[in-house]
Amino acid sequence: MLNERRLEVLRAIVQDYVGTEEPVGSKALTERHKLGVSPATVRNDMAALEDEGFIAQPHTSAGRIPTDKGYRLFVDKLTAVKPMAAPERRAIQNFLDGAVDLDDVVGRTVRLLAQLTRQVAIVQYPSLTRSTVRHVELLSLAPARLMLVLITDTGRVEQRMIDCPAPFGETSLADLRARLNSRVAGRRFADVPQLVQDLPEAFEQEDRGTVTTVLSTLLETLVEETEERLMIGGTANITRFGHDFPLTIRPVLEALEEQVVLLKLLGEVGDSGMAVRIGHENAHEGLNSTSVVSVGYGSGGEAVAKLGVVGPTRMDYPGTMGAVRAVARYVGQILAES
């Protein structure tokens, strides 16, 4: 492991390179940072850091830049992420509070993250596999036509039209609505099939066909909606960093178009802590020159989805991690209150 002084030198190199975009020399380091040692000692420390693979010399310059390994150590040794200032926190809250439904929450979150970090923002919709049913509404549109409305704990609303095999009276409809909600409200999606399987038997013979049709529509809706969806924003931000990508920016842009790649990038929802993947730690080759900062969000302590940003490895890690964490916290609060 590096001694504390060399770690300080590495921190200084990362901060300067992120801030200036220029490779960093020992003279500039001693002038800009109170390292408490001579330029010769800093040069020796930089040589040792280079030998160990934490920094490298781009061929055109006398200065040094951090490698993926250097950034990884910098992030691992961060004692604190940069907290958001009070006006920024208020702005986040006011912006997200204006959301009218789940799509709006996700859309606003993507725009906000992209603006705050000036990176590409990715927000996964709450995963319905981890969601619970808040309420099932059944409305009569005609004697043999119903509308089913499924409302989840994360504020998602799904509507389906149902053509019944026979007319279905208001009394039967009210009975079905009450029985259905008494069984499934507050329960996990995965538990619903088991909970409703014998429900048709509670009804008269002539109504059982309609009850079965309603239940199969509900179960189809639950299955359809467990497909993962996400929203991406701020892709134009990455083009500002063209010079940060060794050959071309195209592989990055192509990777960002693939939903499967992005879902893998955010990682498993269950692993809700802050994750930072740097350069070659990203399995997808097109993203080997990027870093990904992601975290889970959700209501009541359990993550239902993830959000994060993608940018060049030359990233303000403390600031980006602080912004991602703050936004995730506010989105979680909104879901809890919705």
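Residues numbered from 1 in each chain as written. Predicted model: local features only at pLDDT ≥ 70, side-chain atom pairs only at ≥ 80, totals over all residues. Heavy atoms only, no water.

- As recorded by an unreviewed UniProt entry, the protein carries the name Heat-inducible transcription repressor HrcA and is attributed to Streptomyces endophyticus.
- Recorded in UniProt for the protein, the comment headed Sequence similarities (unreviewed entry) runs: "Belongs to the HrcA family."
- According to the UniProt record, the Function (unreviewed entry) comment for the protein reads "Negative regulator of class I heat shock genes (grpE-dnaK-dnaJ and groELS operons). Prevents heat-shock induction of these operons." (UniProt positions renumbered as here; feature names shortened; annotations may be inferred.)

## Re the pairing of strand β9 (residues 290–297)
No. 1: Of all eight residues that make up β9, eight are buried, and the element is covered over most of its length.
No. 2: Side chains of β9 alternate between two faces, with Thr 290, Val 292, Ser 294 and Gly 296 and Ser 291, Val 293, Val 295 and Tyr 297 buried alike.
No. 3: In this structure, strand β8 (residues 275–278) lies alongside β9, joined through four bridges in antiparallel fashion. Residue pairing across strands places Ala 275 opposite Ser 294, the latter belonging to β9. (Buried < 20%, exposed > 50% of the residue type's maximum accessible area, 1.4 Å probe, protein only. Helix = DSSP H or I, 4+ residues; strand = E, 2+ residues; numbered from the N terminus. Pairing = 2+ DSSP bridges.)

## A look at the packing of aromatic side chains
No. 1: Scanning the entire structure with this criterion turns up one aromatic pair.
No. 2: Judged by centre distance (5.5 Å) and plane angle (50°), the rings of Tyr 71 and Tyr 317 are tilted. You can see Tyr 71 sitting in helix α4 (residues 68–76) and its partner Tyr 317 sitting in helix α13 (residues 317–337), a full 246 residues away along the chain.
No. 3: When the ring centre of Phe 54 is taken as reference, the NZ or CZ atom of Lys 69 above it lies at 4.6 Å.
No. 4: Directly above the ring of Phe 203 sits Arg 179, whose terminal nitrogen or CZ lies 5.6 Å from the centroid. (Phe/Tyr/Trp six-rings, centres within 6.5 Å; stacked < 30°, edge-to-face > 60°. Lys NZ or Arg CZ within 6 Å of the ring centre and 35° of its normal.)

## With respect to the sheet that holds strand β5 (residues 145–152)
No. 1: Here we have three strands laid out as an open sheet, ordered β4-β5-β6, and antiparallel in their pairing. Strands at the two margins of the open sheet, each flanked by one partner only, are β4 (133–142) and β6 (157–163). Neighbour to neighbour, the strand axes of the sheet diverge by 20° on average, direction disregarded.
No. 2: In this sheet, β6 lies alongside β5 in antiparallel orientation, the contact comprising seven bridges. From the neighbouring strand, Met 147 faces β6, where its bridge partner is Met 161.
No. 3: Relative to the sheet, helix α7 (residues 170–184) contacts β4 and β5, its axis offset from that of β4 by approximately 165°. (Axes fitted to C-alpha atoms, helices over the stretch in contact; angles between N-to-C directions. Contact = heavy atoms within 4.5 Å.)

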